[in-house]
Amino acid sequence: MTPYGLQTEQRCEPLGVGERQPRLSWKLESDRRGAAQSAYRITAAERAADLDDPDRLIWDSGRRESPDGLLVPWDGPALRSATRYHWRVQVWDETGSPAGSAQSWFETGLLHHEDWTAAWIGRDPAAQPHVDPPGEEDLPPMDSPPLYLRREFQLEHTPVRARLYATARGVYEPRLNGERVGDVELAPGWTEYHHRLQYQTYDVTTMLRTGANAIAAIVADGWWCGYVGFDRRRPARHYGDQPALLAQLVMEFADGSRQVVTTDASWSEHPGAIRAADLLMGEYVDRRWHVPGWDRAGCPDARFVAVAVLDATPGPLVAEPDHPVRVVTEMPAVEVTRRASGRYVVDFGQNVVGHIRLTLRGAPEGQRIVLRHAEMLADGELYVANLRTARATDVYVCGGDEVEVFEPRFTFHGFRYVEIDNHPGELVTADIVARVAHNDLPWTGRFRCSDPMVNQLQSNITWGQRGNFVAVPTDCPQRDERLGWLADAQIFAPTAGRNADVSAFLARWMRDVVDGQDADGAFRDVAPVVSLHREAAPAWGDAGVIIPWYLWRTYGDRRVLADSFDAMRAWVRHIHRHNPDLRWRNRTGNSYGDWLQVDVTTEREVLATAYFAHSTHLVAQAAEVLGRSDDATELRQLHARIRDAFIDSYVHPDGTVEGGTQTAYLLALAFGLVPQRLVAAAVGHLAADIEKRDHRLTTGFVGVALLCPVLTEHGRTDLAYALLHQTEYPSWGYSIRHGATTIWERWDGWTDHAGFQSPAMNSFNHYSLGSVGDWLYGRVAGIDQTPSSVAYRELLLRPQPGGRLTWAHAEQETARGTVACGWSIADNRITVTATVPPGSTAVLQIPTADPASVREGDAPVAGQPGVLGVEPSAAGATLRLASGRYTITAAAPDAVS
Ligand code: BGC
């Protein structure tokens, strides 16, 4: 058994960790069944080689009896800033024998406020305004061209180690000696800037040289002072009125000396080729403005003028705690067509988020090429009405070089198609590529099955996640919105966490959610808070409770739960205070209900009160986990009373739920708000509604996440599959039949009968309706955990064959190691495969018509190594398994639903 995948603060080998007591984690793998960790020991040193020398260790945890390798807090000496620490973990197996070990490192950032000596610099407000003449309507705003900032410095020696710590009010790209530093896009990302601004740490050791060096950066408006969301805040802006840079370059030399270069009054500034850049509007580059060598030493250009020091104090800086946005992949153009207008339309075959890279050959100086982006075509032309005020237009004015490459840096678009106007020559597919950018999370999950349409659905879900995990979890990536909507995030989180490791990303965003809470305890609809300043709606604000609980259950992150607990409790108390009769009718904010449901309206009060009960229940459980027993008791009692109130008011003696919509039943059943004696009746009413509609759903954002899970939970997997395979409107299959490559915002984004929905709200890349992904992994393939399990310690593997499928398989890299489950049916036998990581156990339900037929290889399964028990069960046979890999066969289930 060996540890692998070592992480510090949920990242591998992170630079610039800001935590004083970072948490260390590892996963385990073994070929042996029943392998488990019984103890571990962590040792740490400042040099990797010192890990082998007991006298040079700075921390030795000693042997600690523990089955877990999850988020163990640093317990060594106080950490110093800007220091690399190496650590090793050794583990002992379940017999107490020493097993494997592995090592890793992390490096601290600037841990103390005083470490920062840099000042914020920007354009001198008194300097000549650099306003461009053209105010062209369809182009990005040009009133404040991005800053090109530079300064030179001398080095007598090359450093043995150099780090750049940098951030911006705006979005920035750092440069050293003519090269881009690092590969982060849209740095510093978006946080609740009033409370927290992230800095990045870059290893620049190899970029410096003896003699003259130049440090430089380009800074554009970004979220700080560009267009954000849908209200016309510009020029008032959400955070500040001009972009600025803060940077500190720390160099260490072989003799132990240090040299530090910081942003200060010695820097100079002059606009460069990027004439305008805005996240929503696009980027305007005029290559003729490029100052050759501007970011290298020896640039003689006299046009650069002194910067202004805007602020001598760094402000609320924090080290970036999660994976930044990067260009993660590229999509080639699949088709280029030339229209009668002479414009080209490029199709990438996939709705993506990011920007293009266009190569131009022999373009004349001054040629002005305009690129517009769209998700859809209408009559062969770009459909851009749904972008609302986001212009999503990039412009490139050629400099006259033999070969020119245009790649915008400080904007992003949601698009499948790009229209290119005024291209000077013959555009071929090889000359343009879509660069896909999102938070670079480890992609840890995979689901596949025998049905191509379901695989396309899974693909659409993952593309929705890629496209909307850009700086914060957004609703959509293309129109003038792109906000961190809370309901969207909580509905989709369980699916997102199947596909990728979202632990650090969502924990970081939770701080924004908590910071957005008002004094009365109300969360807001969006985080960071812009535009929407009233209390959050039911199911929206509840994300403030649901997500920390989800992160605890999925990753074992107790800290996020502890840090969020007061806010979680305050939210529930806020609802209670304004709704003493326990029906949530007051302070429901914009009360969106079951947003974008079809043909029906779920009673808002039913939805709200169900969420009030659910959140109260979760906060009570959180209180228990955190050992806050008084809170736990109080909240449990409150939950019981809300449940009673719900049943009294909305659940009728015949098992109908007020309003009778699918979502009303789903909420009541999923959140345990139907008395046991009425559950079967309620399920019957739900099923009847689905059947009467010929297996169509009516659910919106909120209900859809519960649809297939609740049906499966209550024995109606047949209906869940019928909905999954449905291709008539409204269904997932309908959008796929009409070419969807992402999840649409609305079931009727485009329909045969009505064409496009109103452009006022019609995104083709919203992940919310993709929340069914959790069920694909959890019930179709079968990976889940027991209700009391944390971080997949007790697996519940319940594959559910059904529908048209003949096989399905899912794999997930969890915090403990690899978990997999899958099944296939052929020749009247079912084969189930399962992988249980060391230290975990599993309850595996084999759907079979004959529990006596369960075998591993040729032998009956009972008594096989790792098989702890076999029992007949309602599903067929239930096996209890220790860790290991298993391939089990049995007679196929009778009726594959
Ligand atoms: C957003 C949503 C959001 C909703 C609130 C829309 O404009 O795109 O995804 O949750 O508003 O109802």
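The following paragraphs examine the structure supplied in this document. All values reported here derive from a predicted model rather than from experimental measurement. (Residues numbered from 1 in each chain as written. Predicted model: local features only at pLDDT ≥ 70, side-chain atom pairs only at ≥ 80, totals over all residues. Heavy atoms only, no water.)

Some thoughts on the site of the ligand
Thinking step 1. Neighbouring residues of the ligand: Asp475, Arg479, Glu481, Trp485, Asp488, Trp540, Tyr592, Trp595, Phe701, Glu745 and His766.
Thinking step 2. One of the side-chain N or O atoms of aspartate 475 is found 2.7 Å from an oxygen atom in the ligand.
Thinking step 3. Residue aspartate 488 places a side-chain N or O atom 2.5 Å away from an oxygen atom belonging to the ligand.
Thinking step 4. Along the lines of polarity and charge, the residues of the shell around the ligand split into five nonpolar, one polar and five charged. (Near = heavy atom within 4 Å. Polar contact = N/O pair within 3.5 Å; in protein donor to acceptor, adjacent residues only side chain to side chain. Nonpolar A, V, L, I, M, F, W, Y, C, P; charged D, E, K, R; others polar.)

A word on the sheet that holds strand β10 (residues 147-155)
Thinking step 1. Ordered in space as β13-β12-β15-β10-β18-β21, the six strands form an open sheet in which the pairing is antiparallel. Each having just a single partner strand, β13 (179-180) and β21 (305-306) make up the two edges of the open sheet. (Pairing = 2+ DSSP bridges. Helix = DSSP H or I, 4+ residues; strand = E, 2+ residues; numbered from the N terminus.)

A closer look at the pattern of salt bridges
Thinking step 1. All chains considered together, the criterion is met by 72 salt bridges.
Thinking step 2. For glutamate 419, the salt bridge is made with arginine 343, and the minimal N-O distance between the two is 3.8 Å. Placement of the pair is glutamate 419 in strand β32 (residues 413-421) and arginine 343 in the loop between β25 (335-338) and β26 (344-361), with a sequence separation of 76 residues.
Thinking step 3. Since its relative accessible area comes to 3%, glutamate 419 is described here as buried.
Thinking step 4. Between aspartate 566 and arginine 628 there is a salt bridge, with the nearest N and O atoms lying 3.7 Å from each other. (Salt bridge = Lys/Arg side-chain N within 4 Å of Asp/Glu carboxyl O. Buried < 20%, exposed > 50% of the residue type's maximum accessible area, 1.4 Å probe, protein only.)

Considerations on the nonpolar core
Thinking step 1. In this structure, Trp190, Trp223, Ile420, Phe447 and Tyr611 are the most contacted members of the largest nonpolar core, which totals 220 residues.
Thinking step 2. It is helix α7 (residues 604-625) that contributes the most residues to this core, twelve residues altogether.
Thinking step 3. Not counting the four nearest positions on each side in its chain, phenylalanine 447 is found in contact with Val454, Asn455, Gln458, Leu776, Tyr777, Val780, Ala781, Ala808, His809 and Ala810.
Thinking step 4. Within the second largest apolar cluster, 29 residues are counted, among which are Leu164, Val181, Ile215 and Met251. (Core = buried A, V, L, I, M, F, W, Y, C linked by side-chain atoms within 4.5 Å. Contact = heavy atoms within 4.5 Å.)

Observations concerning the pairing of strand β7 (residues 84-93)
Thinking step 1. Burial analysis of β7 places eight of its ten residues in the buried class, the great majority of the element.
Thinking step 2. Relative to β7, strand β3 (residues 37-45) is paired through eight bridges, and the arrangement is antiparallel. Note on β7: the bridge partner recorded for glutamine 37 is aspartate 93.
Thinking step 3. Bridge count between β7 and strand β8 (residues 98-107): eight bridges; the pairing is antiparallel. Residue arginine 84 lies in a different strand from β8, and its bridge partner there is glutamate 107.
Thinking step 4. As consecutive antiparallel partners, β7 and β8 are separated by four residues, and within that stretch glycine 96 has a phi angle of approximately 90°, a positive value.

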